[in-house]
Amino acid sequence: MDRQIYLDNAATTKMSRAAIDAMLPYFDKTFGNPSSLHTAGQRAAEALSGARSRVAVLLGCEPREITFTSGGSEADNQAIISAAAIGEKHGKKHIISTAFEHHAVLHTLEKLKKQGFEITLLDVGEHGLITPQQVSDAIRGDTCLVAIMYANNEIGTIQPIAEIGAVCREKGVIFHTDAVQAAGHIHIDVKQQNIDMLSLSAHKFHGPKGIGALYVRKGIPLTSVIEGGAQERGKRAGTENIPAIMGMAAAFEDACKSIDENAAKLTVLRDRLIDGISEIPHSILNGDREKRLPSNVNFCFEGIEGESLLLLLDDKGICASSGSACTSGSLDPSHVLLAIGRPHEVAHGSLRLSLSEETTDEEIDYTIKSVKETVEYLRSISPVWRDLASGKKEFVLK
């Protein structure tokens with residue numbers, strides 16, 4: 001089909017013109033290694049320093065508090081491993097997180113658990129929200145880290161980050177937030193929000209893939225997870241990817257200058273999409289209706305399989321997903337949907353639609369129509385739906 005409506009921006013975004021233009025000179029003109037002492041190298045080093053300062057300004061921190069990484073997953077790994085190392089040094093081996101974090105966090109915590117750390121995963125409730133009181137109640141004398149994502153990558157819920165950060169600061173516990181889905185879409189100020197560590201990834205805000213950053217508050221020592229040279233002040237070995245770094249800085253600036261305008265537009269489109277899809281019987285919105293990213297819509301439909309829904313929507317020219325792109329090859333239901341209490345049979349019938357600034361009213365209307373038609377068709381050929389409709393089985397979603 002010629003029509004393509006891209007509604008999978010939570011997985012990755014199209015690169016902005018600003019990012020592409022910023023990158024081009026660093027492929028063939030200013031291509032030196034920033035660690036080299038000659039003129040070509042020092043020109044690259046100046047560009048690197050400038051990009052670091054630009055990213056720092058957008059996060060409300062100092063340039064030396066920014067370390068460039070290969071993306072959000074590496075940044076998450078390094079933040080958690082670093083905090084754990086600090087905790088272990090002081091005899092503190094308890095970490096608090098949530099049950100619906102990105103796997104870059106959860107898998108790192110699983111690894112630390114095997115090394116003797118105790119992990120507490122907070123209950124996120126039906127709406128996918130954590131309260132500061134939950135965090136306060138869970139903190140113990142041996143707690144070394146609280147790691148709670150800023151906005152969930154599947155259901156889009158936004159946590160009270162500043163309040164959680166204040167609890168951690170009062171109790172002297174390091175607070176890390178995975179802000180991969182939030183950066184460039186929500187105003188962030190790490191100092192005002194009491195954030196000690198923050199991860200972001202450029203390709204979520206129209207920058208290039210394979211580049212991200214980790215903010216670490218001054219005074220918190222970082223543990224290297226990649227050994228080698230002395231790049232990034234000795235905390236991240238490997239020659240810096242200058243073209244990608246320049247693209248990220250440009251994309252981040254471009255996104256941040258239009259945050260309010262984009263959020264206002266997307267919220268209207270998001271709510272229209274939610275209202276339209278909500279008309280489908282035995283469906284349910286996942287995540288809080290209000291405290292969610294302006295771009296995120298996530299539903300479960302009883303009696304269908306999400307994979308079939310995605311393939312048929314693709315035939316209609318709609319690019320969507322059933323959850324995290326990082327687990328798209330898995331047949332298991334989303335751990336995020338299970339964490340908010342969706343039963344397995346319902347969690348399998350999920351759909352995530354994530355909008356961008358380029359999404360139009362016409363595309364929203366077409367998507368609502370297409371989702372309704374596709375769900376109706378899949379139910380018409382489903383033996384599970386026949387059992388539900390006939391009363392042989394009870395509906396879970398009323």
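Residues numbered from 1 in each chain as written. Predicted model: local features only at pLDDT ≥ 70, side-chain atom pairs only at ≥ 80, totals over all residues. Heavy atoms only, no water.

### Re the overall build of the protein
What counts, and what does not: Secondary structure is summarised from DSSP: a helix means a run of H or I of at least four residues, a strand means a run of E of at least two, and numbering begins at the N terminus for each. Within these notes, the globule rule equals 2.2 Å times the number of residues to the 0.38 power, and the radius of gyration is based on C-alpha atoms. Burial here depends on accessible area, computed with a 1.4 Å probe over protein chains only, as a share of the maximum for the residue type. Under 20% is buried, over 50% is exposed, and the range in between is partly exposed. Should any heavy atoms of two residues lie within 4.5 Å, those residues are counted as being in contact. To measure how exposed things are, a 1.4 Å probe is used in the Shrake-Rupley method; for residues, cover is taken only from the protein chains shown.
A tally of helices and strands in the protein yields 15 helices and 12 strands. For 398 residues, the compact-globule estimate of 2.2 N^0.38 gives 21 Å, and the protein sits close to it at 22 Å. The principal-axis extents of the C-alpha atoms in the protein amount to approximately 75 × 50 × 35 Å. Among the 398 residues that make up the protein, the fraction classed as buried is 55%. Expressed as a percentage of contacts within the protein between residues at least 6 apart in sequence, the contacts between residues at least 24 apart total 74%. Split by element, the accessible area of the protein, about 16,900 Å² in all, is 52% carbon and sulfur.

### Examining the packing of helix 10 (residues 259-277) against helix 14 (residues 361-380)
Going by this rule: All axes are obtained by fitting lines to C-alpha atoms, using only the stretch in contact for helices, and the reported angles, taken between N-to-C directions, cover 0 to 180 degrees. Should an angle fall under 35 degrees it is taken as roughly parallel, and over 145 as roughly antiparallel, whereas 65 to 115 is taken as roughly perpendicular and any remaining angle as oblique. Here a crossing is called left-handed whenever its near helix is offset anticlockwise from the far helix by less than a right angle, and right-handed whenever the offset is clockwise. As a working rule, the residues Ala, Val, Leu, Ile, Met, Phe, Trp, Tyr, Cys and Pro are called nonpolar, Asp, Glu, Lys and Arg charged, and the rest polar, with Gly in that last group.
In the contact formed by helix 10 and helix 14, the axes pass within 9 Å of each other and the chain directions differ by 20°. With respect to their mutual orientation, helix 10 and helix 14 come out roughly parallel. Two packed elements cross with a definite hand, and for helix 10 against helix 14 that hand is right-handed. Seen from helix 10, the contacting residues are L269, R272, L273, G276 and I277; seen from helix 14, they are D361, I364, D365, T367, I368, V371 and K372. Class assignment for the residues of the contact of helix 10 with helix 14 results in six nonpolar, two polar and four charged.

### Digging into the pairing of strand 3 (residues 94-98)
To be explicit about the condition: What makes two strands pair is DSSP finding at least two bridges between them. We call a crossover right-handed when, viewed with both strands directed away from the observer, the connection leading from the first strand over the helix to the second proceeds clockwise.
The buried count for strand 3 comes to five of five residues, which makes it a mostly enclosed element. Burial of strand 3 is two-sided: the residues H94, I96 and T98 facing one way and the residues I95 and S97 facing the other way are all buried. The sheet contact formed by strand 3 and strand 4 (residues 118-122) spans five bridges and is parallel. When the bridges of strand 4 are listed, T98 appears paired with L122. Handedness of the strand 3-helix 5 (residues 103-114)-strand 4 crossover: right-handed. With three bridges connecting them, strand 3 and strand 5 (residues 143-147) associate as parallel partners. Directly across from H94, in strand 5, lies its bridge partner T143.

### Things to note about the nonpolar core
Applied cut-off: Residues enter a nonpolar core if they are buried and are Ala, Val, Leu, Ile, Met, Phe, Trp, Tyr or Cys, with the set joined through side-chain atoms within 4.5 Å.
Membership of the largest hydrophobic core comes to 65 residues, with the highest contact counts inside it found for L59 and V135. Ranked by the residues each element gives to this core, the list is headed by helix 9 (residues 242-256), at 10 residues. Sequence-distant contacts of V135, that is, excluding residues within four places in its chain, are made with I96, L122, I130, V146, I148, I164, V167 and C168. Residues I5, I280, V297 and F301 belong to the second largest nonpolar core, which totals 26 residues.

### Thoughts on unusual backbone geometry
Among all residues except glycine, the phi angle is most often negative; among peptide bonds, the trans geometry is most common. In the Ramachandran plot, N194 falls in the positive-phi region, its phi being about 60° despite a non-glycine side chain. Within the secondary structure layout, N194 lies in the loop between strand 6 (174-178) and strand 7 (197-201). Even without glycine at this site, R233 takes up a positive phi of about 55°. Take R233: it is sitting in helix 8 (residues 231-234). For R233, a relative accessible area of 43% gives the class partly exposed.

### With respect to empty space enclosed by the protein
Definition in use: Both cavities and pockets are sets of points on a 1 Å grid over the protein atoms alone; in a cavity a 1.4 Å probe fits but cannot get out, in a pocket the set is open with protein on both sides within 12 Å along at least five of seven lines, and lining residues sit with an atom within 4 Å of a point. Grid points are joined across faces, edges and corners, and a volume is the space filled by probe spheres set on the points.
In the structure shown here, the tally under the stated rule is two cavities of 30 Å³ or more. Counted as a void, the largest cavity has a volume near 220 Å³. Lining the largest cavity we find 22 residues, and of these Q181, H185, L266, S295 and L355 sit closest to its centre. When residues of the lining of the largest cavity are assigned to their parent elements, the largest contribution, four residues, is made by helix 10. For the lining of the largest cavity, a count of residues per class yields seven nonpolar, 13 polar and two charged. The computed volume of the second largest cavity comes to approximately 30 Å³. Forming the boundary of the second largest cavity are L58, A183, G184, I186, I188, F252, C256 and I259. When grouped by side-chain class, the residues that make up the lining of the second largest cavity number seven nonpolar, one polar and no charged.

Keep in mind these values describe shape, not function.
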